[in-house]
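# Observations on the model geometry
Listed below, chain by chain, are the residues.
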Amino acid sequence: MAVPKRKTSKQRRNKRRASSYRLNKVTLVECPNCHETKMPHRVCPSCGYYDGKEVIAMD
């Protein structure tokens, strides 16, 4: 049976666990209609367009 030769230090243990606590970066793409940033596969909040069609009428 495999047995660790040395005790894993708190620093090494915490470094390994830290990757699960990290927040993932939000993916943003440029709207092809108004060139503002928006989340992919969603209606643009500034112009109301999605897939080249107006979905929401904006003022």
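Okay, so let's go over this structure. Everything numeric in this text was worked out from a predicted model, so none of it was measured.

So, on to the overall build of the chain. Counting its regular elements, the chain contains one helix and four strands. Mapped from its N terminus to its C terminus, the chain presents α and β elements in the order α-β-β-β-β. With respect to the three principal axes, the spread of C-alpha positions in the chain is 65 × 25 × 15 Å. Within the chain, contacts between residues separated by at least 24 positions form 0% of all contacts whose residues are at least 6 apart in sequence. When the accessible surface of the chain is summed, it comes to about 6000 Å², and 52% of that surface belongs to carbon and sulfur atoms.

Turning our attention to helix 1 (residues 10–21). Taking 1.5 Å of rise per residue, twelve residues should cover 16 Å, and helix 1 covers 16 Å from first to last C-alpha, within 8% of that figure. Taking burial as the measure, the twelve residues of helix 1 include zero buried ones, a minor fraction of the element.

This next bit is on the pattern of salt bridges. For the coordinates displayed, the defined rule picks out one salt bridge. For the salt bridge of aspartate 51 with lysine 53, the shortest nitrogen-to-oxygen distance reads 3.6 Å. By relative accessible area, which is 53% here, lysine 53 ends up exposed.

When you line up the elements, lysine 38 lands in strand 2 (residues 37–38). Here arginine 42 takes part through its backbone oxygen, which lies 3.1 Å from a polar atom of the side chain of lysine 38.

Let us look at the environment of histidine 35. One can find histidine 35 in the loop between strand 1 (29–30) and strand 2. A relative accessible area of 52% places histidine 35 in the exposed class. In sequence terms histidine 35 and cysteine 47 are twelve residues apart; their C-alpha atoms lie 9.6 Å from each other. Engagement of the side chain of histidine 35 in a polar contact is seen with the side chain of glutamate 30, the distance being 2.8 Å.

Procedures and definitions
- Residues numbered from 1 in each chain as written.
- Predicted model: local features only at pLDDT ≥ 70, side-chain atom pairs only at ≥ 80, totals over all residues.
- Heavy atoms only, no water.
- Helix = DSSP H or I, 4+ residues; strand = E, 2+ residues; numbered from the N terminus.
- Contact = heavy atoms within 4.5 Å.
- Areas by Shrake-Rupley, 256 points an atom, 1.4 Å probe, with all protein chains shown as cover.
- Expected span 1.5 Å × (residues − 1).
- Buried < 20%, exposed > 50% of the residue type's maximum accessible area, 1.4 Å probe, protein only.
- Salt bridge = Lys/Arg side-chain N within 4 Å of Asp/Glu carboxyl O.
- Polar contact = N/O pair within 3.5 Å; in protein donor to acceptor, adjacent residues only side chain to side chain.

No statement about biological role is implied by the geometric values presented.
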